[in-house]
Amino acid sequence: MSITHPRGFRAAGVAAGLKASGAPDMALVVNDGPTHDNATVFTSNRCKANPVLWSEQVVKDGTVRAVVLNSGGANCYTGPDGFQTTHAVAEQVAGAIGAGAIDVVVCSTGLIGLANDRSRLLDGVTALHGALSEDGGHDAATAIMTTDTVPKEVVVEGAGWSIGGMAKGAGMLAPQLATMLVVLTTDAVVPAADLDTALRAATRVSFDRLDSDGCMSTNDTVTLLASGASGITPTVEDFTRALTQTCSDLAMQLLGDAEGADHEIAITVLNAASEQDAVDVGRSIARSNLFKAAVFGKDPNWGRVLASIGTTAAAFDPADLDVAMNGVWVCRSSTPYADPAEVDLAPREVTVTVDLKAGQERATVWTNDLTHAYVHENSAYSS
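Predicted, not measured: the structure shown is a model, and the values here were computed from it.

A. Focus on the packing of helix α5 (residues 192-204) against helix α6 (residues 236-256). It is the contact of α5 with α6, at a shortest axis distance of 9 Å, that shows an interaxial angle of 40 degrees. When the axes of α5 and α6 are compared, the pair comes out oblique. The element α5 and its partner α6 pack so that their crossing is right-handed. Facing α5, whose interface residues are D194, L195, A198, L199, A201 and A202, α6 presents V236, F239, T240, L243, T244 and C247. Of the residues in the contact of α5 with α6, the class split is nine nonpolar, two polar and one charged.

B. Region of the structure containing helix α9 (residues 302-309). Along α9, the positions that sit buried rather than exposed are W302, V305, L306, S308 and I309. Within α9, the buried residues cover an arc of 160 degrees as seen down the axis, which keeps them to one side.

C. Looking closely at the sheet that holds strand β9 (residues 221-226). Read across the open sheet, the five strands follow the order β3-β9-β8-β7-β6; overall the sheet is mixed. The sheet is open, and its two edges are formed by β3 (37-42) and β6 (152-157), each paired on a single side. Going across the sheet, the axis of each strand differs from the next one's by a mean of 10 degrees, ignoring polarity. Bridge count for strand β7 (residues 162-168) against strand β8 (residues 181-186) is six bridges, and the pairing is antiparallel. The residue of β8 that forms the bridge with K168 is L181.

D. Here's a closer look at the environment of V183. Within the secondary structure layout, V183 lies in strand β8. Residues V183 and G231, 48 residues apart in the sequence, show an inter-C-alpha distance of 21 Å. Beyond its immediate chain neighbours, meaning those up to four positions away, V183 contacts I3, V29, V67, L69, G164, G165, M166, T223 and L225.

E. Just the pattern of salt bridges, in detail. By the definition in use, this model includes 16 salt bridges. Of the charged contacts, one joins D196 and R200 as a salt bridge, the two residues approaching to 3.0 Å between their closest N and O atoms. Taken as a pair, D196 and R200 lie in helix α5 at a separation of four residues, close to a single helical turn. The salt bridge involving D238 is made with R241; its shortest N-O contact spans 2.8 Å. With D238 and R241 both in helix α6, this residue pair falls three residues apart, about one helical turn. Looking at D238, the relative accessible area reads 36%, which means it is partly exposed.

F. View of helix α1 (residues 50-58). The complete set of buried residues in α1 reads N50, P51, V52, W54, S55 and V58. Buried residues along α1 sit in contact with β3, α2 (79-97), β5 (104-108) and β9.

G. Layout of the nonpolar core. Counting residues in each nonpolar core, the largest one holds 44 residues, and the members touching the most others are M26, L28, V67, V68, L69, V93 and M166. In contact with V93, other than residues within four places in its own chain, are L28, A66, V68, V104 and V125.

H. Representation of the sheet that holds strand β13 (residues 335-336). Spatially, β13-β12-β11-β14-β10-β15 is the arrangement adopted by the six strands of the open sheet, whose pairing is mixed. What marks the edges here is a single partner per strand, and that holds for β13 and β15 (361-368). Across the sheet, helix α7 (residues 275-286) touches β10 (264-272), β14 (349-355) and β15, and the angle it forms with β15 is around 20 degrees. Relative to strand β11 (residues 322-325), α9 is tilted by about 135 degrees, and along the sheet it contacts β11, β12 (328-332), β13 and β14.

About the cut-offs
- Residues numbered from 1 in each chain as written.
- Predicted model: local features only at pLDDT ≥ 70, side-chain atom pairs only at ≥ 80, totals over all residues.
- Heavy atoms only, no water.
- Axes fitted to C-alpha atoms, helices over the stretch in contact; angles between N-to-C directions.
- Helix = DSSP H or I, 4+ residues; strand = E, 2+ residues; numbered from the N terminus.
- Parallel < 35°, antiparallel > 145°, perpendicular 65-115°, else oblique.
- Left-handed = near helix turned anticlockwise from the far one by under 90°.
- Contact = heavy atoms within 4.5 Å.
- Nonpolar A, V, L, I, M, F, W, Y, C, P; charged D, E, K, R; others polar.
- Buried < 20%, exposed > 50% of the residue type's maximum accessible area, 1.4 Å probe, protein only.
- Arc of directions from axis to C-beta.
- Pairing = 2+ DSSP bridges.
- Salt bridge = Lys/Arg side-chain N within 4 Å of Asp/Glu carboxyl O.
- Core = buried A, V, L, I, M, F, W, Y, C linked by side-chain atoms within 4.5 Å.

Purely geometric numbers; function is a separate question.
So this is what it looks like as structure tokens:
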């Protein structure tokens, strides 16, 4: 049930004919209230898709009644007509649920430069409205998939309230945020300002730490809707904790379904002078194609880790760095230590630990290896 597990929500997923395969490609999530508070974060890419440009205006007042999503086309760089398509879809949804278009978030995902068929989208909205159900969460999660192999869903229970979530994404996972769409729902009573505080805190340590291939999408959207249907107001701390758990679960599902990956890699940087230093070092390693290719080849090449650390402005002594791979400290004080042959990179899960010895802060960044399958899938994506 995922996004429709919290009270006050209905959802649906249908095939509107946007995908040549005939698979489901449109989803709708409606907040039936009694409250309609919202917080949303978007990609920081300056090149933004039409749905992002539209939705940035929608969420300014902290009120959202519905989210409509389509896969099969990003509606990015499709000119003024593409923006009008986004507006028309919002109007269609608004008319169906008795709201204003300015309260409808629109999300699209797929190939950039592809003009979505407006008539199919509008017909899809009609079909979605007719299919809305309190059990429609799974159908919605399925309809937003592109190169995903499985839908991503989660439910986290609070004390008499809950959070549900769905996500799509399997590549271009890099902040902020990823080539992903995420819809989060809660029946807790949480004002928009508190939702925003909680959402930014949660995404900072989950989606924003996911860096599959260093590429940033034009369509990323994470939107959180609160219906207030439980009548319960949790503390901001309790809600943030549950929301962080929700986002972290979805982030790990995205990582596990990354395009063509053989390994999921957690890079933890210890004893940094600042949290940002730790993130910068972790992200530099995560974005090293040499390092990622080595993991694919099951080669514990820690020299590529040190080389990546050296490209950052983080505080550290280049002559005093420690590195472990899957728990084996292969480098101490920037010199060889344990035999790299002791490192077993056969398991799917790989850990890299870096000790900067410059402070007390830490952070973890997640990535995956660089495989033949990843190159093949992305070389043939538009065909």
